[in-house]
Amino acid sequence: MEGTERLRLAVQKTGRLSEKSLEIIAGCGISFGSDSRLLKEHARNFPLEFLFVRDDDIPAYVRDGVADIGIVGRNELDERCPDDLEIVRDLGFAQCRLSVAVPRDFPYGGLQWLAGKRIATSYPNILGRILEERGVTAKICYLSGSVEIAPAAGIADAICDLVSSGTTLLMNGLREVEPLYSSTAVMVSRQGFMSEASPRQVILERLLLRIDSVIRAKS
Ligand code: PRP
Ligand code: ZN
Ligand code: MG
């Protein structure tokens, strides 16, 4: 029997990533309960403990050692603490892009059109970096969610948000004009965890072997 040591995995509680994150773990032959009201539970046949949290908080949980690994969109990682974390696997699912969108009938003539305009986003760091690279100075308005209503509410001229199917934009009378960045779900650990040779790192190695065969079987 193994020790009491368990690898702690942070996954999104509800949202775009949650179902497929658990699907990959289940595909590894790891069984666990399905009561999503539990914020913490452990697998029955593998030394793994789940923490069900908001995806936006996952990078900080892993950085601070509350969790050892997390499954999160590359976008959240790049926005929040890219230097403290390491991508251990690109899981490939939850493909989406961070795009600029404008009200449907607005004329749009390229990124320069945004100079001096107000852009609402939940990703001020990624957007700021890209605008700077492209030499555009705009006013970035941070909103933690419901970014799509900003133009209609009169608080921004354009938005920059994640687009997957495009339905959310469509429903809000917006038009995607400029994809800036693309993202998939990745598994992250804190920097250096993979070379620690700790009991939990050894468990992660075992988990990754299984994950790799799940990914291979899908491709
Ligand atoms: C993103 C984005 C939109 C939606 C777009 O949210 O903020 O709301 O997905 O998807 P669609 O193009 O398929 O309509 P996300 O899933 O990251 O959830 P969160 O903002 O609550 O974290
Ligand atoms: Zn989110
Ligand atoms: Mg959203």
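Treat the numbers as computed from the prediction; the structure is a model and nothing was measured. (Residues numbered from 1 in each chain as written. Chains lettered and ligands numbered in written order. Predicted model: local features only at pLDDT ≥ 70, side-chain atom pairs only at ≥ 80, totals over all residues. Heavy atoms only, no water.)

**Student:** Which residues make up the sheet that holds strand β8 (residues 139-142), and what values do they have?
**Tutor:** Taken together, the five strands give an open sheet; going across it, the order is β8-β7-β9-β6-β10, and neighbouring strands pair in mixed fashion. Both outer strands of the open sheet, β8 and β10 (174-183), are each paired with one neighbouring strand and no more. Averaged over neighbouring strand pairs, the angle between their axes works out to 30° when direction is ignored. Pairing of strand β7 (residues 118-121) with strand β9 (residues 158-163), which is carried by three bridges, proceeds in the parallel orientation. Bridged to Ile119 within β9 is Ala158. (Pairing = 2+ DSSP bridges. Helix = DSSP H or I, 4+ residues; strand = E, 2+ residues; numbered from the N terminus. Axes fitted to C-alpha atoms, helices over the stretch in contact; angles between N-to-C directions.)

**Student:** For the coordination of the zinc ion (ligand 2), give the residues involved together with the corresponding values.
**Tutor:** For the zinc ion (ligand 2), every protein donor is listed as Asp55 (OD), Asp55 (OD) and Asp56 (OD), and the spread of their distances is 2.5 to 2.6 Å. Overall, Asp55 belongs to the buried group, its relative accessible area being 13%. (Donors = N, O, S within 2.8 Å, 3.2 Å for Na, K, Ca; no water. Buried < 20%, exposed > 50% of the residue type's maximum accessible area, 1.4 Å probe, protein only.)

**Student:** If you had to explain the sheet that holds strand β1 (residues 7-12) to someone new, which residues and values would you point to?
**Tutor:** Adjacent strands of a sheet pair through backbone hydrogen bonds, lying either parallel or antiparallel. Across the sheet, six strands lie side by side as β2-β3-β1-β4-β11-β5; this open sheet has mixed pairing. Among the strands making up the open sheet, the edge pair consists of β2 (40-42) and β5 (85-90). Here the strands of the sheet are splayed against their neighbours by 30° on average, with no regard to which way each runs. Of the strand pairs in this sheet, β1 and strand β4 (residues 69-73) are connected by two bridges, and their pairing is parallel. Across the sheet, the residue bridging to Ala10 is Gly70, located in β4. Sheet strands in contact with helix α6 (residues 199-218) are β1, β3 (48-53), β4, β5 and β11 (185-190), and its direction is about 50° off that of β1. (Contact = heavy atoms within 4.5 Å.)

**Student:** Account for unusual backbone geometry, naming residues and giving values.
**Tutor:** Of note, Ala94 is a non-glycine position whose phi angle comes to about 55°, a positive value. A relative accessible area of 18% places Ala94 in the buried class. The backbone of Ser146 shows a phi angle near 50°, a positive value even though the residue is not glycine. Among the secondary structure elements, Ser146 is positioned in the loop between β8 and β9.

**Student:** An account of the domain arrangement of the chain is requested, with residue identities and associated values reported.
**Tutor:** Assigned domains of the chain: these are domain 1 (7-94 + 184-218) and domain 2 (96-183). Here the C-alpha centroids of domain 1 and domain 2 sit 29 Å apart. Taken together, the nine residues of domain 1 in the interface contact 10 residues of domain 2. Interface area for domain 1 against domain 2, summed over the two sides, is near 910 Å², with a carbon-plus-sulfur share of 40%. Per-residue buried area on domain 1 facing domain 2 is highest for Asn75, Asp78 and Glu79; these three make up 59% of the total on that side. On the surface where domain 1 and domain 2 come into contact, there are zero salt bridges. (Domains from an automatic or database assignment. Buried area = accessible area lost by both parts, 1.4 Å probe. Salt bridge = Lys/Arg side-chain N within 4 Å of Asp/Glu carboxyl O.)

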